[in-house]
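Chain by chain, the residues run as shown.
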Amino acid sequence: MINFRIIEANLGISRLRLIVFLLIVGIIVSIVTIRVIDMQILNREKFVKLAMVINMAQQIYIPAKRGTIFDRNGEIISLSDEIIGVFVIQKYLPQNEAQKLVVLSKLSAIIDKDIKVILQNIERRKWDLYGPIFISEITKEQAIKILEKQGELPGIVVDTTYSRYNYYPYETAHLMGYLGAISQDEMKKLSEAYKEIYHSSSMIGKDGIEKVYDRILRGKDGKLFRYIDAKNNIVGTEIAEIPVEGNSIRLSIDIDIQRLGYKLLKNYRSSLVMLKPATGEIIALVSSPSFDPNRLSIGDNAYFLSLSTDNKNFPLFNRSIQGTYQPGSTFKLVTAATALKNNKWDPNRSENCTGALRIGKRYSMIGRYMVLLRI
């Protein structure tokens, strides 16, 4: 028991004041005790997650597997394979340029990739501070080495992703197209509805079938929250959304005919289109010279530069749909077939073509050479 008379006599504090003081202390201690019990026992998980968010929460997109592309007979033309990749997140690289180069040099040595290429990849996406920038596919051994030196490599992330693989790259390059990281301009052009589908880390179709049917093939990426502390150590992860695999599509293309077409044309600057007259289906569409879209899909920028600066062969130019050509002699097949069908022409008759068309008293040249037409 507290002897208030002794306290009052020695300290000069009245009994009422002391009771009020003790009451206040008791209330404060009770509130703190209740709060500690609530945080440490009753709602521990809630406050652990909240603490993680306060430290740092990274929203990471989990890439969805892209749909497979088949030919008319069910043969696979293009599919997605899971790979191990190394990524750079600019926001978490050292801000000091010298320190940043040290980190990237260590990465370059581990994955055996020229540091200039790594810097070029980062420079092209300098607008995207938080998005993971794909640097290269790596082996399990290289991934282990990076993870072992994680403390020396801030901003470097190892994760699984998908790589697009075309089984017939040169034969179908212009038809199928290739994948590439979405650009800043492409992001700006997105409508509000599509901003839920695409994000700064998206890989999208850049040409051909991959571009035209991108929204069907791509599926929906998942979301993962990665929590890190002040020392950039991962202290927890949480999957918020599961990725949804993209839809597969079947083309009217016959890959055997497509391959034959390329085999016939590959040594020439030329194109070939084969259609089924009854339905209008495209059976083959070939353009030559061609290129390897698999190298472009993994971000081989040096290869893309060599293709885009080839001013002799223009391998990226799709001659089948982008070239403009005069119908010329190809239309003679139509008139000749009509004449033969209606018995208006003797198959053994020949006609001399001067390459000119008479209009009144004038002649208009319609060809460079005089041709002997024999049906």
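Residues numbered from 1 in each chain as written. Predicted model: local features only at pLDDT ≥ 70, side-chain atom pairs only at ≥ 80, totals over all residues. Heavy atoms only, no water.

(A) Up close: the environment of Ser290. In this structure, Ser290 sits in the loop between strand S12 (281-288) and helix H12 (293-297). Classification of Ser290 as buried rests on a relative accessible area of 12%. Ser290 sits 117 residues away from Ala173 along the chain, and the two C-alpha atoms are 6.5 Å apart. In contact with Ser290, not counting residues within four places along its chain, are Pro169, Tyr170, Ala173, His174, Tyr262 and Pro315. Here the side chain of Ser290 touches Tyr170 through a polar contact of 2.7 Å, landing on its backbone oxygen. (Helix = DSSP H or I, 4+ residues; strand = E, 2+ residues; numbered from the N terminus. Buried < 20%, exposed > 50% of the residue type's maximum accessible area, 1.4 Å probe, protein only. Contact = heavy atoms within 4.5 Å. Polar contact = N/O pair within 3.5 Å; in protein donor to acceptor, adjacent residues only side chain to side chain.)

(B) Geometry of helix H5 (residues 115-124). Turning to H5, its buried residues number three or more, namely Ile118, Asn121 and Ile122. With its buried residues spanning 95 degrees around the axis, H5 presents them on a single face. In the core, the buried residues of H5 are packed alongside strand S3 (76-88), helix H4 (97-111), strand S4 (133-137) and helix H13 (301-308). Capping of H5 at its N-terminal end is provided by Asp114; its side-chain oxygen lies 2.9 Å from the backbone amide nitrogen of Lys116. (Arc of directions from axis to C-beta.)

(C) A look at the pairing of S3. In this sheet, S3 lies alongside strand S2 (residues 69-70) in antiparallel orientation, the contact comprising two bridges. Among the inter-strand pairings, Ile69 is bridged to a residue of S3, identified as Ser78. The turn joining S2 and S3, which pair antiparallel and follow one another in sequence, is formed by five residues; a positive phi near 85 degrees is taken by Gly74. With 11 bridges connecting them, S3 and strand S5 (residues 156-166) associate as antiparallel partners. By the bridge assignment for S5, Phe87 is matched with Val157. Bridge analysis of S3 against S4 gives four bridges, and the strand direction is antiparallel. What sits directly across from Val86, in S4, is Ser136. (Pairing = 2+ DSSP bridges.)

(D) Geometry of the pattern of salt bridges. All told, the structure shown has 12 salt bridges when counted by the stated rule. In this structure, the salt-bridge partner of Asp214 is Arg66, at a minimum N-O distance of 2.8 Å. With Asp214 in helix H10 (residues 214-217) and Arg66 in the loop between strand S1 (57-62) and S2, this residue pair connects regions lying 148 residues apart in the sequence. Arg66 carries the same exposure label as Asp214, and that label is buried. Measuring nitrogen to oxygen at the nearest pair gives 3.7 Å for the salt bridge that ties Arg72 to Glu281. A residue pair is termed long-range when its members are at least 10 positions apart, and Arg72 in the loop between S2 and S3 and Glu281 in strand S12 qualify at 209 residues. Residue classification places Arg72 among the partly exposed residues on the basis of a relative accessible area of 26%. Residue classification places Glu281 among the partly exposed residues on the basis of a relative accessible area of 25%. Each of Arg66, Arg164, Glu210, Asp214 and Arg218 takes part in a single network of salt bridges with overlapping partners. (Salt bridge = Lys/Arg side-chain N within 4 Å of Asp/Glu carboxyl O.)

(E) Main features of the side chain of Gln142. By the secondary structure assignment, Gln142 is in helix H6 (residues 140-148). Looking at Gln142, the relative accessible area reads 17%, which means it is buried. Residues contacting Gln142, with those up to four places away along its chain left out, are Ile110 and Ile111.

(F) Main features of the pairing of S12. Of all the eight residues making up S12, six are buried; the element is thus mostly covered by neighbouring parts of the structure. The turn linking strand S11 (residues 270-276) back onto S12 is made up of four residues, and Gly280 within it adopts a positive phi angle of 80 degrees.

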